[in-house]
Amino acid sequence: MDKKLLQLFAARAEQKEKSRLEVKEFDFPGIGKLAFHKPKQTEILEYMEALAEGKGVKDAMEIVKSVIYDCCPTLQDPELHQSLGVTDPYDTVLRLMDISEINDFGAAVFDWVGLTTPDADGAAKTAKNS
């Protein structure tokens, strides 16, 4: 194989690995900057599958809530759960945000993650437009 092509493949693999490990700060409504970590590709596929199988807005909002929670280690702190009085850790998002905030904030996180879902024709579209 051509050495230049091998170098291009190696550079692409390195760039992709860096992207997978990316951390980004988002301005969490009413709180300020919180760090979010990109999910693994297998997790993204699970979110996409759940979105494709969802039966409506309620199902989609549950997935958005899950993505927000799963990508933010700060929201996963048991001490936070206890202080908010939540038994289901995913309810942390609902205790801190209203539905419109979850929708808007989730759209920003989905866009950053590159989360897409197949539409009826099998073409990819962003989850925020589903």
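Residues numbered from 1 in each chain as written. Predicted model: local features only at pLDDT ≥ 70, side-chain atom pairs only at ≥ 80, totals over all residues. Heavy atoms only, no water.

S.K.: What am I meant to see in the overall build of the chain here?
M.R.: A tally of helices and strands in the chain yields six helices and four strands. Each helix (α) and strand (β) of the chain, taken in turn from the N terminus, gives the series α-β-β-α-α-α-α-α-β-β. Going through the 130 residues of the chain one by one, you find that 30% of them count as buried. Considering only residue pairs separated by 6 or more positions, the chain has 48% of its internal contacts joining residues 24 or more positions apart. In the form shown here, the chain has an accessible surface area of approximately 8,500 Å², with 53% of it arising from carbon and sulfur atoms. (Helix = DSSP H or I, 4+ residues; strand = E, 2+ residues; numbered from the N terminus. Buried < 20%, exposed > 50% of the residue type's maximum accessible area, 1.4 Å probe, protein only. Contact = heavy atoms within 4.5 Å. Areas by Shrake-Rupley, 256 points an atom, 1.4 Å probe, with all protein chains shown as cover.)

S.K.: I tried to follow the pattern of salt bridges on my own but got confused; where do I start?
M.R.: Side-chain pairs of opposite charge can arise whenever the charged atoms involved come near each other. Counted by the stated rule, this structure contains three salt bridges. Across the pair Lys65 and Glu62 runs a salt bridge whose closest N-O atoms are separated by 3.0 Å. Taken as a pair, Lys65 and Glu62 lie in helix α3 (residues 57-71) at a separation of three residues, close to a single helical turn. Looking at Lys65, the relative accessible area reads 4%, which means it is buried. Asp91 is the salt-bridge partner of Lys65, the closest N and O atoms lying 3.6 Å from each other. You can see Lys65 sitting in helix α3 and its partner Asp91 sitting in helix α5 (residues 91-96), a full 26 residues away along the chain. Through salt bridges with shared partners, a single network forms among Glu62, Lys65 and Asp91. (Salt bridge = Lys/Arg side-chain N within 4 Å of Asp/Glu carboxyl O.)

S.K.: When you look at the nonpolar core in this model, what are you seeing that I'm missing?
M.R.: Side chains of nonpolar character tend, in soluble globular proteins, to be buried together. Judged by nonpolar contacts, the single largest core of 26 residues is most densely connected at Phe28, Phe36, Val67, Ile68, Phe105 and Leu115. Setting aside anything within four residues of it in sequence, one finds Val67 in contact with Tyr47, Val109, Phe110 and Leu115. (Core = buried A, V, L, I, M, F, W, Y, C linked by side-chain atoms within 4.5 Å.)

S.K.: Explain helix α6 (residues 99-113) here, please?
M.R.: For an α-helix the count is 3.6 residues per turn, leaving residues at separations of three or four pointing the same way. Here α6 is 15 residues long and its end C-alpha atoms lie 20 Å apart, about the 21 Å a rise of 1.5 Å per residue gives. For α6, the complete set of buried residues consists of Ile102, Phe105, Gly106, Ala107, Val109, Phe110, Trp112 and Val113. Looking one or two residues past α6, Gly114 carries a phi angle of roughly 85°, positive in sign. (Expected span 1.5 Å × (residues − 1).)

S.K.: Explain the confidence of the model for the chain to me, please; I cannot follow it from the model alone.
M.R.: Note: predicted coordinates in regions of low pLDDT should not be interpreted at a detailed level. Across the chain, the average pLDDT comes to 86, with 87% of residues at 70 or higher. The low-confidence segment residues 117-130 (pLDDT under 50) makes 24 contacts with residues lying over four places distant or belonging to another chain. (pLDDT = per-residue confidence, 0-100.)

S.K.: What should I look at first to understand the packing of α3 against α6 in this one?
M.R.: Describing two packed helices takes the angle between their axes plus the distance from one axis to the other. Where α3 contacts α6, the two axes come as close as 9 Å, and the packing angle between them is 60°. Looking at the two axes, α3 sits oblique to α6. The interaxial crossing formed by α3 with α6 has left-handed handedness. Here Met61, Ile63, Val64, Lys65, Val67 and Ile68 of α3 come into contact with α6, specifically with Ile99, Ile102, Asn103, Phe105, Gly106, Val109 and Phe110. Here the residues of the contact of α3 with α6 sort into 10 nonpolar, two polar and one charged. (Axes fitted to C-alpha atoms, helices over the stretch in contact; angles between N-to-C directions. Parallel < 35°, antiparallel > 145°, perpendicular 65-115°, else oblique. Left-handed = near helix turned anticlockwise from the far one by under 90°. Nonpolar A, V, L, I, M, F, W, Y, C, P; charged D, E, K, R; others polar.)

S.K.: When you look at a nonpolar patch on the surface in this model, what are you seeing that I'm missing?
M.R.: A surface patch of nonpolar side chains, amounting to about 540 Å² of accessible area, comprises Met1, Leu5, Leu6, Leu8 and Phe9. Positionally, Leu8 belongs in helix α1 (residues 3-20). On the accessibility criterion, Leu8 (52% relative accessible area) is exposed. (Patch = residues over 30% accessible without salt bridge, like charges linked within 9 Å, V, L, I, M, F, W, Y side chains within 5 Å.)

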